[in-house]
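Listed here are the chains, written in short residue letters.
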Amino acid sequence: MTPVWIKNAAQLVTLAGENGPRRKEGMSELSIIEDGSVLMENGEILAIGSTSQLEALYGERSHEVDVIDASGRLVTPGLVDPHTHVAYGGSREREFEMRLEGSTYMEIMNAGGGIHATTRMTREATEDELVAQTTRRLDSFLAHGVTTVEGKSGYGLDLETELKQLRAMKRLNESHPIDLVPTFMGGHAVPQEYKGREEQYIDLLVNDMLPKVAEEGLAVFNDVFCEVGVFTPEQSERILEAGKKLGLIPKIHADEIESYGGAELAAKVGAISAEHLLKASDEGMRLMAEAGVIACLLPATALYLREDAAKGRAMIDAGVAVAISTDCNPGSSPTTSMPLVMNLACISMRLTPAEALVAATMNAACAIGMEAKVGSLEVGKQADVVMWKVSNYQELQYLFGVNHVGSVWKKGVQVVG
Ligand SMILES: N=CN[C@@H](CCC(=O)O)C(=O)O
Ligand SMILES: [Zn+2]
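Computed from a predicted structure; not experimentally measured.

Asker: What am I meant to see in the packing of helix H5 (residues 127–143) against helix H6 (residues 159–175) here?
Answerer: A packed helix pair is summarised by two numbers, namely the angle formed by the two axes and the spacing between the axes. Two elements in contact, H5 and H6, have axes separated by 9 Å at closest approach and are oriented at 55°. Classified by the angle between their axes, H5 and H6 sit oblique to one another. Between H5 and H6 lies a crossing whose hand is right-handed. Residue-level inspection shows Glu127, Asp128, Leu130, Val131, Thr134, Thr135 and Leu138 of H5 in contact with H6, the latter providing Lys164, Gln165, Arg167, Ala168, Arg171 and Leu172. Its residues assigned to classes, the contact of H5 with H6 comprises 5 nonpolar, 3 polar and 5 charged.

Written out as structure tokens, the structure is:
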């Protein structure tokens, strides 16, 4: 593999520094190099600094590397999306119309649509079909500068289909340039055939699904939708504690539609992250800050459901480490655009442009345990790099709703541009 040298970047945002969740003022530290250079070899970052520094050290190697002129361009780490439901079958555009006509997200779900509709379509799809449909979405992520993606099961809600989703993601992680980090989410909903027998479904999940998923090594995390009408905090705790015993790290869809003690539960079980949090209580936020739970906020979902966004500004001020994500899924957020999510984090949650970038890189990497490899540009880390068609990070957040990606390198290989 020919080494690549990106040089003369107007602004090289490295995010070098603490390799852990950034909080408060730490969320504004970008470690910018003006007229920057990054040299990538064997999939990793070999050197990074000002162009004159790298010229002095490696100038004589110019003839044996691919040189990319990044004059006038912003260069950043590849974006990380720490919360998606990317591996699903089918589509739900009719529900979009229904919601515009006045139905709510939960009404549609309780009437057999929503997650249940995608569960039917995912059960019908073969593993190959799931791989093909998900490949298109991962290609779109890459085109938007996203090089690492978390993906959840949870549209099977039976052992066979949950395993099919996770195996499809395993294949994609091996075949697609994107790093796809898997989460088991048998706790996404109680399947319709278990209506009125919720505890029996949880027994199945705890006694059959979780052990099988752990035995096959198909997931790193275990997530649950703790919400009124889905799983109670007590049921959610049982599911998450059962996963912990098998080595699966807890995550929680918490306080999305109603304030339900999800943030508090995240702190109690030691979740790596809590997701959504639109209705999280002040006490829940305080407990999350104390326990070091990362808030994974999803402003595109709030917009799409026409809800007020989570209180991102207040969370940062309260000392919570904030990450952001698309929540890519067929119902509440059918998008793969992390740049749009960064824009929305600024507009609807009052993050600064710098905080939005940290939330989409280092803090997002921490929310899926990938910070040793991705989330910043530092010697020895994976060479996941984006060159943008803007000259500084403020411009990236200011010119909103547009894809400014110029080129993307994944593990040192150019995959876009
Ligand atoms: N809220 C629960 N789960 C997903 C939506 C799933 C769906 O509607 O298909 C979410 O994170 O938004
Ligand atoms: Zn979700």
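More follows now that the structure is in view.
Asker: Can you help me understand the coordination of the zinc ion (ligand 2) in this one?
Answerer: Six octahedral donors around a metal ideally make angles of 90 or 180 degrees; four tetrahedral donors ideally make 109.5 degrees. Every protein donor of the zinc ion (ligand 2) is listed here as His83 (NE2), His85 (NE2), His253 (NE2) and Asp327 (OD), and their distances to the metal cover 1.9 to 2.7 Å. Counting the intervening residues between successive donors of the zinc ion (ligand 2) yields the motif H-x1-H-x167-H-x73-D. With His83 in the loop between strand S6 (79–81) and helix H2 (93–100) and His253 in strand S10 (residues 249–254), this residue pair connects regions lying 170 residues apart in the sequence. When sorted by exposure, His83 lands in the same class as His253, which is buried.

Asker: Help me understand the UniProt feature "binding site: Zn(2+)" (unreviewed entry) in the protein chain in this model?
Answerer: In the numbering adopted here, UniProt assigns the feature "binding site: Zn(2+)" (unreviewed entry) to His83, His85, His253 and Asp327. These annotated residues cover 245 residues of sequence, and their C-alpha atoms lie no more than 12.2 Å from one another, placing them together at a single site. Non-local contacts of His85, meaning those with residues more than four positions away in its chain, are made with Lys152, Tyr155, Met185, His188, His253, Asp327, Cys328 and Asn329. One can find Asp327 in the loop between strand S13 (322–324) and helix H13 (338–349).

Asker: Would you mind showing me how to read the nonpolar core here?
Answerer: Looking at soluble globular proteins, one finds that nonpolar side chains tend to be buried together. The biggest cluster of nonpolar side chains holds 117 residues, and the ones touching the most others in it are Ile252, Leu277, Leu297, Met315, Val322 and Ile324. With sequence-adjacent residues up to four places away left out, Ile324 is seen in contact with Val80, Pro82, Leu297, Met338, Val341, Met342, Ala345, Met349, Ala356, Ala359, Ala360 and Ala364. In this structure, Met40, Ala70, Leu377 and Met387 belong to the second largest nonpolar core, which totals 15 residues.

Rules behind the numbers
- Residues numbered from 1 in each chain as written.
- Chains lettered and ligands numbered in written order.
- Predicted model: local features only at pLDDT ≥ 70, side-chain atom pairs only at ≥ 80, totals over all residues.
- Heavy atoms only, no water.
- Axes fitted to C-alpha atoms, helices over the stretch in contact; angles between N-to-C directions.
- Helix = DSSP H or I, 4+ residues; strand = E, 2+ residues; numbered from the N terminus.
- Parallel < 35°, antiparallel > 145°, perpendicular 65-115°, else oblique.
- Left-handed = near helix turned anticlockwise from the far one by under 90°.
- Contact = heavy atoms within 4.5 Å.
- Nonpolar A, V, L, I, M, F, W, Y, C, P; charged D, E, K, R; others polar.
- Donors = N, O, S within 2.8 Å, 3.2 Å for Na, K, Ca; no water.
- Buried < 20%, exposed > 50% of the residue type's maximum accessible area, 1.4 Å probe, protein only.
- UniProt positions renumbered as here; feature names shortened; annotations may be inferred.
- Core = buried A, V, L, I, M, F, W, Y, C linked by side-chain atoms within 4.5 Å.

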